[in-house]
Amino acid sequence: MERPATAEGEAVAVATAIPQAPSDDKRWRIVETRMRRLGQRPDALIEVLHAAQEAFGYLDTDTLEYVGRSLGVPLSKVYGVATFYSIFTLKPRGEHACVVCTGTACYINGAGGIVAAVRRDLGVRPGETTPDGKLSLLTARCLGSCSLAPAMILDGEVQGKLTAEAVVTRLEAL
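Residues numbered from 1 in each chain as written. Predicted model: local features only at pLDDT ≥ 70, side-chain atom pairs only at ≥ 80, totals over all residues. Heavy atoms only, no water.

Engineer: Please set out the overall build of the protein chain residue by residue, giving values where relevant.
Structural biologist: Across its full length, the protein chain holds 7 helices and 5 strands. Secondary structure elements in the protein chain, listed N-terminal to C-terminal, are α-α-α-α-β-α-α-β-β-β-β-α. The C-alpha atoms of the protein chain give 21 Å as radius of gyration, which overshoots the globular expectation for 174 residues (16 Å, by more than 25%). In terms of principal-axis extent, the alpha carbons of the protein chain reach across some 75 × 30 × 25 Å. Out of the 174 residues in the protein chain, the part that is buried amounts to 36%. Within the protein chain, contacts between residues at least 6 apart in sequence are counted, and of these 57% link residues at least 24 apart. A total of about 10400 Å² of accessible surface is found on the protein chain, and carbon and sulfur atoms cover 51% of it. Side-chain charges in the protein chain split into 19 positive and 20 negative, and the spacing between the mean points of these groups amounts to 4 Å. (Helix = DSSP H or I, 4+ residues; strand = E, 2+ residues; numbered from the N terminus. Rg over C-alpha atoms; globule rule 2.2 N^0.38 Å. Buried < 20%, exposed > 50% of the residue type's maximum accessible area, 1.4 Å probe, protein only. Contact = heavy atoms within 4.5 Å. Areas by Shrake-Rupley, 256 points an atom, 1.4 Å probe, with all protein chains shown as cover. Lys, Arg positive; Asp, Glu negative; His and termini not counted. Charge placed at Lys NZ, Arg CZ, Asp CG, Glu CD.)

Here is the structure:
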């Protein structure tokens with residue numbers, strides 16, 4: 001709560017109202033609880049964005065605006081953080097998520113061929129979701145699984161020593 005001085009020099013309490021959630025969806029309670037626990041401070045931005053994405057699956061414009069207003073962070077900064085970190089997505093993801101590592105070890109061992117094969121055979125590019133909403137293809141600079149190169153994370157499970165054909169077959173089976 002701020003206490004600016006009036007012309008007469010006396011302090012006046014100014015209440016800073018928490019903005020209303022974009023909808024009455026119960027998942028907003030999760031996000032609001034996280035913001036309260038973190039003290040509604042601007043430095044809680046990344047953690048609050050994680051909570052929002054976990055609750056809704058992605059970060060839409062309404063979410064970014066609400067989080068920014070609630071934490072006192074300009075929308076440009078909220079958007080900058082949400083687009084800088086590859087963990088955040090601004091579009092709904094598919095039912096299944098495939099993250100192909102494109103770090104040096106994986107790339108040298110065939111990650112480029114895996115991405116190209118998925119694009120060719122399943123018609124989805126990195127950062128996109130298939131039209132039926134079944135699969136999102138993502139890439140990451142490093143998964144930390146270099147000994148398994150080339151590696152990917154499919155629905156949260158790390159898989160390695162892959163070939164393009166095996167990956168396409170596995171994804172088609174989904």
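Here the narrative resumes, following the displayed structure.
Engineer: Provide a residue-level description of the sheet that holds strand β5 (residues 157–159), including the pertinent values.
Structural biologist: Strand order in the open sheet formed by 5 strands is β2-β3-β1-β4-β5, and the pairing between neighbours is mixed. Whereas interior strands pair on both sides, the edge strands pair on one side only; in this sheet they are β2 (128–129) and β5. When strand β1 (residues 96–101) meets strand β3 (residues 135–140), the two strands line up parallel, connected through 6 bridges. Its bridge partner being in β3, Cys98 is matched across the sheet by Leu137. Its contacts with the sheet place helix α6 (residues 111–122) against β1 and β3, and it is angled at close to 145 degrees to β1. Seen against the sheet, helix α7 (residues 164–173) touches β1, β3, β4 (152–154) and β5 and runs at an angle of roughly 15 degrees to β4. (Pairing = 2+ DSSP bridges. Axes fitted to C-alpha atoms, helices over the stretch in contact; angles between N-to-C directions.)

Engineer: So what about the packing of aromatic side chains? Which residues, and what values?
Structural biologist: Counted by the stated rule, this structure contains 3 aromatic pairs. One aromatic cluster is present, formed by Trp28, Phe56 and Tyr66 through successive ring pairs. (Phe/Tyr/Trp six-rings, centres within 6.5 Å; stacked < 30°, edge-to-face > 60°.)

Engineer: Summarise the layout of surface pockets; cite the residues concerned and give the values.
Structural biologist: Its boundaries defined by the atoms lining it, the largest pocket holds a volume of some 460 Å³. In terms of lining residues, the largest pocket is bounded by 21 residues, among which Ser86, Phe88, Thr89, Arg93 and Leu138 are the most central. Where the lining of the largest pocket is concerned, the elements lending two or more residues are β1, β2 and β3. With 4 residues, the single largest contributor to the lining of the largest pocket is β3. Along the lines of polarity and charge, the residues of the lining of the largest pocket split into 10 nonpolar, 7 polar and 4 charged. (1 Å grid on protein atoms, 1.4 Å probe; cavity = no way out; pocket = protein on both sides within 12 Å on 5 of 7 lines; lining within 4 Å. Points joined across faces, edges and corners; volume = space filled by probe spheres on them. Nonpolar A, V, L, I, M, F, W, Y, C, P; charged D, E, K, R; others polar.)

Engineer: Give a detailed account of the environment of Ala111, specifying residues and quantitative values.
Structural biologist: Looking at the secondary structure, you find Ala111 in helix α6. Taking the C-alpha atoms as reference, Ala111 lies 7.0 Å from Val100; in sequence the two are 11 residues apart. Those residues within four positions of Ala111 in sequence are excluded, and the remaining contacts are Val100, Cys101, Thr102, Cys106 and Pro150.

Engineer: Explain the environment of Pro22 to me, using residue names and the numbers behind them.
Structural biologist: On the secondary structure map, Pro22 appears in the segment before α1 (27–37). Measuring from C-alpha to C-alpha, the distance between Pro22 and Thr139 comes to 31 Å, with 117 residues separating the pair along the chain. Ignoring sequence-local partners within four residues, the contact set of Pro22 consists of Trp28, Asp62 and Tyr66.

Engineer: An account of the packing of α1 against helix α3 (residues 61–71) is needed here, citing residue identities and associated values.
Structural biologist: Remark: α1 packs on α3, axes separated minimally by 11 Å, with the N-to-C direction vectors making an angle of 30 degrees. In terms of axis orientation, α1 runs roughly parallel to α3. Note on packing geometry: the crossing formed by α1 with α3 is right-handed. In this structure, α1 uses Trp28, Glu32 and Met35 to contact α3, whose residues at the interface are Thr63, Tyr66, Ser70 and Leu71. (Parallel < 35°, antiparallel > 145°, perpendicular 65-115°, else oblique. Left-handed = near helix turned anticlockwise from the far one by under 90°.)

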